[in-house]
Amino acid sequence: MEEKKSGTPHSISWRDRAEGSVTGVTDVLSFDENTVILQTEQGMLTVKGKDLHIGRLELSQGEVKLRGSVDSIAYSGSNPAQKGSLIRRMLR
């Protein structure tokens, strides 16, 4: 049996703590000037900072571009990629 692969590759690219992009985004759960919470292919991603703004949102392509002063980026929730292949799980 084949393991299902995620649809959109997930990556984070940031420049000078001022602007960046996140791919593999499936939903925007919450956002304001201090916190942006994104659901990604790798779990929930929280971006904290000041004056955060969503510059471009293309959920059909799984991409979000953000601007503002970023203080932290953190994941929470499960990471599907770390679960391993079916064979690896069976051999544990």
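Our structure's up above, just so we're on the same page.
Residues numbered from 1 in each chain as written. Predicted model: local features only at pLDDT ≥ 70, side-chain atom pairs only at ≥ 80, totals over all residues. Heavy atoms only, no water.

J.: How should the overall build of the protein chain be read in this particular structure?
T.: Helix and strand counts for the protein chain stand at one helix and six strands. Beginning at the N terminus, the succession of helices and strands in the protein chain can be written as β-β-β-β-β-β-α. Relative to its 92 residues, the protein chain shows a buried fraction of 25%. For the protein chain, the proportion of contacts with a sequence separation of at least 24, taken over those separated by at least 6, is 43%. By element, 50% of the accessible surface of the protein chain is carried by carbon and sulfur atoms, the whole surface being about 6,400 Å². (Helix = DSSP H or I, 4+ residues; strand = E, 2+ residues; numbered from the N terminus. Buried < 20%, exposed > 50% of the residue type's maximum accessible area, 1.4 Å probe, protein only. Contact = heavy atoms within 4.5 Å. Areas by Shrake-Rupley, 256 points an atom, 1.4 Å probe, with all protein chains shown as cover.)

J.: What exactly am I supposed to notice about the environment of Lys48 here?
T.: Its place among the elements puts Lys48 in strand E5 (residues 43-58). On the basis of relative accessible area, Lys48 is assigned to the partly exposed category, the value being 44%. For the pair Lys48 and Asp71, spaced 23 residues apart in the sequence, the C-alpha separation amounts to 5.6 Å. Beyond its immediate stretch of four places on either side in the chain, Lys48 contacts Asn34, Thr35, Ser69, Val70, Asp71 and Ser72.

J.: Help me out: how do you make sense of the side chain of Glu63 in this one?
T.: If you trace the backbone, Glu63 turns up in strand E6 (residues 63-76). When its relative accessible area of 15% is taken as the criterion, Glu63 is described as buried. Within polar-contact distance, the side chain of Glu63 engages the side chain of Arg56 at 3.2 Å. What Glu63 contacts, discounting residues up to four positions off in sequence, is Ser21, Val22, Thr23, Arg56, Leu57 and Glu58. (Polar contact = N/O pair within 3.5 Å; in protein donor to acceptor, adjacent residues only side chain to side chain.)

J.: Help me out: how do you make sense of unusual backbone geometry in this one?
T.: As a rule of thumb, non-glycine residues mostly have phi less than zero, and peptide bonds are mostly trans rather than cis. Even without glycine at this site, Asp16 takes up a positive phi of about 55 degrees. The exposure class assigned to Asp16 is exposed, which follows from its relative accessible area of 69%. The phi dihedral of Arg17 falls on the positive side, at around 55 degrees, and the residue is not glycine. Residue position: Arg17 is located in the loop between strand E1 (11-15) and strand E2 (19-23). Judged by relative accessible area, which is 52%, Arg17 ranks as exposed.

J.: What is the right way to read the environment of Gly77 from this model?
T.: Tracing the backbone shows Gly77 in the loop between E6 and helix H1 (86-90). Remark: the alpha-carbon pair of Gly77 and Met44, spanning 33 residues in sequence, is separated by 5.9 Å.

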